[in-house]
Amino acid sequence: MSLFWILLLPLLGTVVPLLTDRFGRTACAFATAALPALALVLVLLQVPAVFDGQSVVATLPWIPLLGLELSVHLDGLALLFAILVLGIGLLIILYARYYLSDKDSMGLFYAYLILFMTAMLGIVVSHNILQMWVFWEMTSVSSFLLISFWNHNSDARKGARMAMTVTGLGGLALLAGVIMIGNIVGSYDLTAVLSSGDLLREHAAYPVIVILVLLGAFTKSAQFPFHFWLPYAMAAPTPVSAYLHSATMVKAGIFLMARFYPVLSGTELWFVIVSLTGLTTLLIGAYTALFKHDLKGLLAYSTVSHLGLITLLLGMGSDMAAVAAVFHIINHAIFKASLFMAAGIIDHETGTRDMRRLSGLWKYMPYTATLAMVAAASMAGVPLLNGFLSKEMFFAETLDQSSLGSLSWMIPVLATVGTAFSVAYSLRFIHDVFFGGEPEELPKQPHEPPRYMRLPIDILVALCLLVGIWPALLIGNLLAVAAGAVVGGDLPDYGLYIWHGFNLPLLMSALAMTGGAYVYFNREKLFTFQAQFPEANANLIFDKSVKWVMKHCARFIDWFENGSLQRYAFLLILLALVLLGLPLIDLNTTAGLRPQIPVDAVMLSGAALLALSSLATVIWHRKRLIALLMLSVVGLIVSLAFALFSAPDLALTQLSVEVVTIILLLLALFFLPQSTPKESSPSRVARDLTIAAIFGGIIGTINYAIITRPLDSISDFFLDNAKSGGGGTNVVNVILVDFRGFDTLGEITVLGIAALGIYKLIARMGLFKPTSDDDGRPWTEDKHPMMLSVISQGLLPLALLVSAYIFLRGHNLPGGGFIAGLVTSIAIIQQYIAHGVDWLKDRLKLDYQKVIGSGLLIATLTGLGSWAFGYPFLTSWYDYWTWPVIGEFEVASAIAFDLGVYLTVVGATMLILANLGQHTTTERARETEHQ
Amino acid sequence: MEAIFAFCVGLMTACGLFLTLRGRTFPVVVGITLLSYAVNLFLFSSGRLLINGATILGQSDQYADPLPQALVLTAIVIGFAMTAFVVILAIRARSDLGNDHVDGRNPPGAGLPSDRLKEKN
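Model, not experiment: these values are computed from the prediction.

## As for the overall build of chain B
Along its length, chain B carries three helices and zero strands. Starting at the N terminus and walking to the C terminus, you meet the elements of chain B as α-α-α. Restricting the contact set of chain B to residue pairs at least 6 apart, pairs at least 24 apart contribute 43%. For chain B, the computed accessible surface area is about 4300 Å², with 61% contributed by carbon and sulfur atoms.

This is how it looks when you write it as structure tokens:
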């Protein structure tokens, strides 16, 4: 369980800075650091287990059937990255305490930073690759927030947007790749994925997967041609650059390649793409870095170049190259983070990062200068420093590969050239900034930074030296387990020594050193040469392409989504038509084997009436009242059909709903035009008729095909258990209130919500009240005819009695809450029609919203009641009691549930009709309290 | 009988669909109602057609399938709620927008005022 805490602690830590911001900067920094520090301790506690080679995994199932789970692990690679993320993160927290000015919101900055830390940690410790992807996206989002932290600055906003777009698109590609891997392997579990290397490599989709995964990795790790976002991300505060854009986030892509190295590498495709991309990035980055006048720009391109170097190593395919890659990940994180922090200090204390203005700072900040020089020397690969060791390994590997066939000699040569440029820009960083005369017109008088702002650099530079001198002692084990996880097997023998004797790699180093020095001291010529080329501004190109995409998207949307509902409905129906029609073509025989019911004259005339009234509804649809009358005929015949085909419950329901619906639609006609204008063009009518006819034909065919085939139903279960389990003989009702009571509860809830929605729609409706019908005839003066009043008043008790009877017998005979509720509603509506809203308001003081509420409450409480007896929700209970006079009587908890249904139906129906109805009275009902 | 039943369901679907594709709200509501009749009959018939079957235990040997009946019963009631919601929405749209076209504005070129809605609060 402690594994989850590794992830959970930083996540909780995200809110800490926001809460402690007000207690001052130092307190805030310490509080922020506390939880990540604890997480680091938890990680370090796992070190012995990981070194022993135990698998350290913790899993929380979420949706086991879908294979979705929360799964966290620590293997060698995850351990290495977790230490980097948390360790450097803590140093950055300390550094940022001094870096941020009073104007910046420290709490917010730390919150973003810790959010990013959590996300990055999530990537490396995820044991489920889908979960890893989620964290991957989280790093994109949190890095967007961090880059745009100074959001008053347009460069920051643009840089953040570009980083988000590029890494976000890569993330989508990665998602596709992850899902494909999951589909092929059959699991998203990392152990399963890592053991399916051969399966994946031999699969037909392998090239697609490799390209998708690499797109994700290359965009994240700023590999050519996606490298352009990283320099623009330098608009971020320097702690962010040091953390995200050198030590951690840009390494996520490298991490991804390393993670999938055992399953995806080992093929020609992988070698060619990865190694060539890495080599190109290495050269372009190193070359461009030399020409950047901005300190951070130089470091950014240098980062691009070193990431290219690691990628190249991962693309070489030898186990030793993978070891070198992991080693360089560690070294680069250490020296580049310290260099960024040094650059931040220079910026902070002098007010500029422009190397054309900076010079001779040695005099003013000798301590910082020393630190920066050691780190830069490590970047250049000077012996006795950690950068030298991994560079030697890199050189040795370039000599020892043959992926380009007879052109393989080019790789060591180009690697040496790249390193020479790396030496040159490192020299520039040192010489331009700290030496070479007095600084010119600096905005601030330079001086040493506060003691503790330098402390993180002290630590990192000390590590550069220590790792450089005692590599095996300090990180030998960590490197071995991490590289072991990358290679996915036994490691080759290798030695971490400072001195390997005089050999070819050492010669290459020497060449690179002298070459780099030569390039640097003759840089004027190179600068003149480079000045001939117009500088490509990636920002402008990016902006242009974004605008181009937006313009075309907008044009497409304007064309496709023109705001016409008719068009959308048409397109949807067309789609449904295709989806329904195509499978039918494969169906050879329409009629099934079930014996069919013989036709008699009554059925035939019923069907004819149904067909004719349906058609009449369509033909006369412009005359709305007539169409409505025709519709009611259809509804009545439908209820007769239910009665005919042995569904008395349905017949009763349909009949009563029919009455309510037609009354509602008649009421609606009062507020709507009485006729429809003729506006569809003949071709539109023809088109709609065609598609409707085809659709009807398809539905009819499907229906025929279904009902003529024998039935194999699950209903026998309900028939067998209705009496013994539910205590009722009306199986339909028992299903509603017992077997599928939870569904019914949901449905009456929907009913209640719909009614309340309607209530709100009506309550705030601007009054549209015609004084006459469409032909100009005024409404009748005799609003409540006496005949109607008298008869309906007499009918009321009768109707209520019927409804009570239907309700009570519902469990055993046709009836039940739904039908009884509708019958009651009709009885009340009749009173409304006969007497008007005001008359009834004085006599029937029912708040229909409360009726709905109590109905839902009763139904829910009935369900909850079974918990009190230790049964699952909505378990029903029944027993037989002998009552005086009545005799044996069944009492079932289901009847209470049915009462809830009844009340909800009454409340909903009445809320709809009574509210709409009151608007038709001449005096509008008193302004309701909702206005 | 099955053929006639299926024919009627198909015809009602076609009629309902045609009305659903009209441009004014009321025919659309009528169309949806018609369509929901067809859908209910369709779903109901998935339990197969049976004349004089029993739905109450102990009445006969041959039982009608109760499951589709139970599902359709709630579907009818919910269908009413949805029809009511749509029709009230149509009334509200007319009072807010001043016309009863499904797009909220009269189509251009029909000789009707095609102004969009008057902004409400």
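On we go from here.
## Concerning the overall build of chain A
A tally of helices and strands in chain A yields 39 helices and four strands. Its C-alpha atoms give chain A a radius of gyration of 39 Å, more than 25% over the compact-globule value 30 Å for 931 residues. Based on the C-alpha atoms only, the size of chain A along its principal axes is roughly 115 × 65 × 60 Å. Of the roughly 40100 Å² of accessible surface on chain A, 69% is carried by carbon and sulfur atoms. For chain A, the distance from the average position of its 52 positive side-chain charges to the average position of its 60 negative side-chain charges is 10 Å.

## Re the packing of aromatic side chains
A complete count under the given rule lists 25 aromatic pairs over all chains for this structure. Both rings, one in A:Trp559 and one in A:Phe560, keep their centres 5.9 Å apart while their planes meet at 40°; by these two values the pair is tilted. Exposure remark for A:Phe560: the relative accessible area of 39% places this residue in the partly exposed category. Seen from their ring centres, A:Phe670 and A:Phe671 are 5.2 Å apart, and the 90° between their planes marks the pair as edge-to-face. One residue, A:Lys220, lies across the ring of A:Trp136, its end atom 5.0 Å from the ring centre. Over the aromatic face of B:Phe18 sits the side chain of B:Arg22, whose NZ or CZ is 4.1 Å from the ring centroid.

## Things to note about the interface of chain B and chain A
Contacts between chain B and chain A engage 83 residues on the former and 111 residues on the latter. Interface area for chain B against chain A, summed over the two sides, is near 8800 Å², with a carbon-plus-sulfur share of 77%. The interface formed by chain B and chain A includes three salt bridges. One salt bridge in this structure joins B:Arg24 and A:Glu679, with 2.8 Å as the shortest N-O distance. On the surface where chain B and chain A come into contact, there are 23 residue pairs in polar contact (both at pLDDT 80 or more). Every element with two or more residues in the side of chain B that touches chain A is listed here: α1 (2–20), α2 (25–45) and α3 (66–97) of chain B. The greatest single-element share of the side of chain B that touches chain A, amounting to 25 residues, is contributed by α3(B). Taken together, the residues that form the side of chain B that touches chain A break down as 53 nonpolar, 18 polar and 12 charged.

## Concerning the confidence of the model for chain A
Residues and elements named next belong to chain A. For chain A, the mean per-residue pLDDT works out to 88, and 97% of the residues sit at or above 70. For chain A, strand β4 (residues 887–892) is the element with the lowest average pLDDT, namely 70, and helix α11 (residues 206–220) is the one with the highest, namely 95. In this model, residues 923–931 is a region of pLDDT below 50 whose contacts with residues beyond four sequence positions or in other chains number 13 contacts.

## Overview of helix α21 (residues 410–434) of chain A
An α-helical turn contains 3.6 residues, so any two residues separated by three or four positions project in the same direction. All names here are of chain A. Counted at 1.5 Å a residue, the expected span for α21 with its 25 residues is 36 Å, and the 36 Å between its end C-alpha atoms agrees. Counting buried residues along α21, 19 of its 25 residues qualify, which places the element largely inside the surrounding structure. Count one or two residues on from α21 and you reach Gly 436, which has phi positive near 80°.

## As for the nonpolar core
Grouped together as the largest cluster of nonpolar side chains are 198 residues, with contacts concentrated most on A:Leu74, A:Trp229, A:Phe260 and A:Trp270. For this core, the element with the highest residue contribution is helix α18 (residues 319–350) of chain A, accounting for 21 residues.

## Structural notes on the pairing of strand β2 (residues 68–74) of chain A
Burial analysis of β2(A) places five of its seven residues in the buried class, which makes it a mostly covered element. With antiparallel pairing between neighbouring strands as the criterion, strand β1 (residues 56–63) of chain A and β2(A) make up a hairpin whose turn holds four residues, including A:Gly67 at a positive phi of roughly 70°.

## Quick word on the environment of A:Gln831
All names here are of chain A. Relative to the assigned elements, Gln 831 resides in helix α36 (residues 817–835). Residue class for Gln 831 comes out buried when judged on its relative accessible area of 3%. Sequence-wise, Gln 831 and Ser 143 are 688 residues apart; in three dimensions their C-alpha atoms are separated by 66 Å. Side-chain polar atoms of Gln 831 contact the backbone oxygen of Ser 792, separated by 3.0 Å.

## Here we look at the side chain of B:Arg48
Relative to the helices and strands, B:Arg48 resides in the loop between α2 and α3. At 2.5 Å, the side chain of B:Arg48 forms a polar contact with the backbone oxygen of A:Arg709. Within the structure, B:Arg48 has its side chain in polar contact with the backbone oxygen of B:Ser46 (distance 2.7 Å). Other than its neighbours up to four places away in sequence, B:Arg48 contacts A:Arg594, A:Ile706, A:Ile707, A:Arg709, A:Pro710 and A:Leu711.

## Description of the pattern of salt bridges
Going through the model one piece at a time under the given rule, you end up with 19 salt bridges over all chains. A salt bridge links A:Lys363 to A:Glu438, with the shortest nitrogen-to-oxygen separation between them at 2.3 Å. Taken together, the residues A:Lys363 in the loop between α18 and α19 (366–380) and A:Glu438 in the loop between α21 and α22 (451–469) connect sequence positions 75 residues apart. You can call A:Lys363 exposed: its relative accessible area is 57%. Each of the salt bridges in this network shares a partner with another, and the network as a whole consists of A:Arg624, A:Glu679, B:Arg24 and B:Asp100.

## What about the packing of helix α30 (residues 648–671) of chain A against α2(B)?
It is at 12 Å that the axes of α30(A) and α2(B) come closest, and there the two elements cross at 175°. With respect to α2(B), the axis of α30(A) lies roughly antiparallel. Facing α30(A), whose interface residues are A:Leu650, A:Gln654, A:Glu658, A:Thr661, A:Leu665 and A:Leu669, α2(B) presents B:Phe26, B:Val29, B:Thr33, B:Tyr37 and B:Phe44. Among the residues making up the contact of α30(A) with α2(B), the classes are represented as seven nonpolar, three polar and one charged.

## Focus on the confidence of the model for chain B
Residue and element names in this part refer to chain B. Summarising the model, chain B shows a mean pLDDT of 85, and 88% of its residues fall at 70 or more. Counted against residues more than four places away or in other chains, residues 114–121, with its pLDDT under 50, gives 14 contacts. Under the prediction, the complex receives an ipTM of 0.91, its pTM being 0.71.

## Details of the side chain of A:Asn128
Locating A:Asn128 in the fold gives a position in the loop between α6 (106–125) and α7 (129–147). In terms of polar contacts, A:Asn128 uses its side chain to reach the backbone amide nitrogen of A:Leu130, at 2.8 Å.

## Description of helix α3 (residues 25–45) of chain A
All names here are of chain A. The first and last C-alpha atoms of α3 sit 30 Å apart over 21 residues, in line with the 30 Å expected at 1.5 Å per residue. Within the span of α3, buried status applies to Cys 28, Ala 29, Thr 32, Ala 33, Leu 35, Pro 36, Ala 39, Leu 40, Leu 42 and Val 43. Packing partners of the buried residues in α3 comprise α1 (2–13), α2 (16–20), α4 (47–51), β2, α5 (76–99) and α6.

Basis of the calculations
Residues numbered from 1 in each chain as written. Chains lettered and ligands numbered in written order. Predicted model: local features only at pLDDT ≥ 70, side-chain atom pairs only at ≥ 80, totals over all residues. Heavy atoms only, no water. Helix = DSSP H or I, 4+ residues; strand = E, 2+ residues; numbered from the N terminus. Contact = heavy atoms within 4.5 Å. Areas by Shrake-Rupley, 256 points an atom, 1.4 Å probe, with all protein chains shown as cover. Rg over C-alpha atoms; globule rule 2.2 N^0.38 Å. Lys, Arg positive; Asp, Glu negative; His and termini not counted. Charge placed at Lys NZ, Arg CZ, Asp CG, Glu CD. Phe/Tyr/Trp six-rings, centres within 6.5 Å; stacked < 30°, edge-to-face > 60°. Buried < 20%, exposed > 50% of the residue type's maximum accessible area, 1.4 Å probe, protein only. Lys NZ or Arg CZ within 6 Å of the ring centre and 35° of its normal. Buried area = accessible area lost by both parts, 1.4 Å probe. Salt bridge = Lys/Arg side-chain N within 4 Å of Asp/Glu carboxyl O. Polar contact = N/O pair within 3.5 Å; in protein donor to acceptor, adjacent residues only side chain to side chain. Nonpolar A, V, L, I, M, F, W, Y, C, P; charged D, E, K, R; others polar. pLDDT = per-residue confidence, 0-100. Expected span 1.5 Å × (residues − 1). Core = buried A, V, L, I, M, F, W, Y, C linked by side-chain atoms within 4.5 Å. Pairing = 2+ DSSP bridges. Axes fitted to C-alpha atoms, helices over the stretch in contact; angles between N-to-C directions. Parallel < 35°, antiparallel > 145°, perpendicular 65-115°, else oblique.

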